[in-house]
Each structure stands twice: as structure tokens, then as C-alpha cells.
Amino acid sequence: MGLYYFYNNSPKQRQNLKRSFQSLNQASVMPTRVGGTRWVGHIFLAVENFLKGYQAIRAQLEDCISKKEKAQTKARGYLKLMKRPDVIAFLHLLLDMFGPLRALSLTLQSDQTTLADVGEKIQLAKNAIISFKERYSYKIQSLKWAEIYSLYEEGHANVLAIIDLTLTLPASSAANERGFSQMKLTKTNTQSRMNNSTLNHSMIIQMATPKVKEFDPDPAINLWMNASIRPRRPVFHEGSSRKRARLEKHGGDIIEVEDDTTAAPGPAQSR
């Protein structure tokens, strides 16, 4: 919610929060930053400190608003979030869920950890996650992204566009690395004058097309032979009829089938 920066960037607000803890006879527990390298531990500590100092933080924000300080607008926004029951319930859920994950993270970071310890902590974390899934399964609705988009399209177009862009992001950079490698293989020193359009088409063919073993050329061949205004090869002239060939599958074999179409007399007939 930004409480860490609210108190970290303002010595006055931080001192007022310490006084709020003293007035409630509680130990000072300052809000911590959520982000960090060890994100599991940072999230767990931030949620734990917030819930421990909830009463003091709320009292200090209310005092800031009543005194009409410069930071009263931010304080009013934070206080509004803190009073929402769903926010508090979600924070308690995070605390319960990240407890086993934090224990697993600390075990993996220890130099004295054995394989038996790792297996035990992994099993405990899996059991905890499964228990939460079973406990809240009746509240979880199975919705597809298309249904969510249709429900909240009006009034949330910008947010939905950002989510669409986020969903297109790949989970890893492997595709990017393959793209650079393919670009080096395609545009070599002997093909340095290749323009960007040709390079783009070549890379699409190399990276976006199916494998040779999985490619079925029959639809492309039939389209090439039958989609032209003038018949393509093979074309045979017999009398006044012109035959057009196509490929068809019969059983497991591919055979060539000829269609008779009415055509104008050829040069030899006009004589």
C-alpha cells in the first residue's frame, strides 16, 4: 500500500508513529518494504509487521488527518484501505500461506541443509497449499479471461488492455535468445545487404512454421493449383476439353485426380 515509503521518506511521520506505539504500550514495529531479492521473506515480514502494528498505524493516520497535515491526503487513502475487511482478510491469508514458503526458503538458503530437510519442508509447503485450496474451493469461481473481459469491459478498458499486454509476455527469455540466434544465422556476412522485410519474413518462416515432419503440404498445393484464374500445370489438351489436376488422399495413398473443364480451342484446333 506504500506505507513503507510514507514513513521512510518522512522523519516526522516516522516519529509520530513511534509515539503512537508508545501510547499503546507496544513495541515499535515499523512497516518494511515488500519488494526485494528474497521476495518470499520480504512479503512475509512486511505483512507480519503491518498486522502487528495495525492499531498504532491506524491511530497515527487518524491523528494526521485530524491535524490537517500536508500528508493528510495520503493518510486518508491509506486509512480507507486499512478499514476494508477484505484487505485485512487477504493479508491474514497471505501470512498463513507464506509461512511454510518462508520456512522452505530459509531451509534452502542454509549451508547446513540436507536433502532430507529439503524434502520435508517441500512436503509441508505442499500440504499447506493444498489445505488452503480445499478450504476456499467453494469460494473460487472458474472463469475464463474472455468472460472476465466481457464483464468489466465498460469503464475498465485501459486496465484490461494492460492485462492483455501482460498476458502476452513470455515466462522466459528463451524465445528472444532463439530469435537473435536465428537472425545471426539468416543475415550472415554474405547476405549483409538483406533488407529488414526479407529478414523478417525469413525469420517468421524459420521460427513460426511447424516442423518439416509435421507439415502437410497438400492444402497448399491444392490451393496453388486451383486458386488461379488461368489453370496451372499440369494441364493437358484433349479435343475441346482441358484437364486440371489436383491431389487427393485415398486411404493412405496420395493420387493425382484430373477434372475436365470446358475451355476455348487451342492454337492447333483453331487451324
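Figured I'd write up the structure that's included with this text. No experiment lies behind these values; they were computed from the predicted model shown.

**Quick notes on the overall build of the chain**
Within the chain, the regular secondary structure consists of 13 helices and 3 strands. Every one of the 271 residues in the chain was classed for burial, and the buried ones make up 22%. In the chain, once contacts between residues fewer than 6 apart in sequence are set aside, the share between residues at least 24 apart is 45%. Approximately 20,400 Å² of the chain is accessible, and the part contributed by carbon and sulfur atoms is 56%.

**A look at unusual backbone geometry**
In the Ramachandran plot, Asn25 falls in the positive-phi region, its phi being about 55° despite a non-glycine side chain. Within the element layout of this structure, Asn25 appears in the loop between helix 2 (11-23) and helix 3 (39-52). Despite not being glycine, Lys68 has its phi angle at roughly 55°, a positive value. Judged by relative accessible area, which is 66%, Lys68 ranks as exposed.

**Re the nonpolar core**
Residues Leu3, Phe6, Tyr7, Phe50, Ile57, Leu61 and Leu91 are the most contacted members of the largest nonpolar core, which totals 28 residues. Of all the secondary structure elements, the ones that give two or more residues to this core are helix 1 (3-8), helix 2, helix 3, helix 4 (54-66), helix 5 (72-82) and helix 6 (85-109). Every residue in contact with Leu91, bar those within four places of it in the chain, is listed here: Val47, Phe50 and Leu51.

**Focus on the environment of Asn16**
Mapped onto the elements, Asn16 comes out in helix 2. Judged by relative accessible area, which is 16%, Asn16 ranks as buried. Sequence separation of Asn16 and Cys64 is 48 residues, and the distance between their C-alpha atoms is 8.9 Å. Apart from the residues lying within four places of it in its own chain, the contact partners of Asn16 are Gln60 and Glu69.

**Comments concerning the packing of aromatic side chains**
Overall, the coordinates contain 4 aromatic pairs when judged by the stated rule. Both rings, one in Phe6 and one in Tyr7, keep their centres 5.0 Å apart while their planes meet at 85°; by these two values the pair is edge-to-face. Across this residue pair, the class does not change: Phe6 and Tyr7 are buried. Where Phe50 meets Tyr54, the ring centres are 6.0 Å apart and the plane angle is 85°; that geometry is what we call edge-to-face. Taken individually, Phe50 and Tyr54 each receive the classification buried, so the pair is uniform in this respect. Among the aromatic side chains, those forming a connected cluster through ring pairs are Phe6, Tyr7 and Tyr78.

**Side note on the environment of Ala46**
Examined against the element boundaries, Ala46 turns out to sit in helix 3. When the C-alpha positions of Ala46 and Thr32 are compared, they lie 5.1 Å apart, and in sequence the two are 14 residues distant. Those residues in contact with Ala46, other than ones at most four positions away along the chain, are Thr32, Arg33 and Val34.

Calculation criteria
- Residues numbered from 1 in each chain as written.
- Predicted model: local features only at pLDDT ≥ 70, side-chain atom pairs only at ≥ 80, totals over all residues.
- Heavy atoms only, no water.
- Helix = DSSP H or I, 4+ residues; strand = E, 2+ residues; numbered from the N terminus.
- Buried < 20%, exposed > 50% of the residue type's maximum accessible area, 1.4 Å probe, protein only.
- Contact = heavy atoms within 4.5 Å.
- Areas by Shrake-Rupley, 256 points an atom, 1.4 Å probe, with all protein chains shown as cover.
- Core = buried A, V, L, I, M, F, W, Y, C linked by side-chain atoms within 4.5 Å.
- Phe/Tyr/Trp six-rings, centres within 6.5 Å; stacked < 30°, edge-to-face > 60°.

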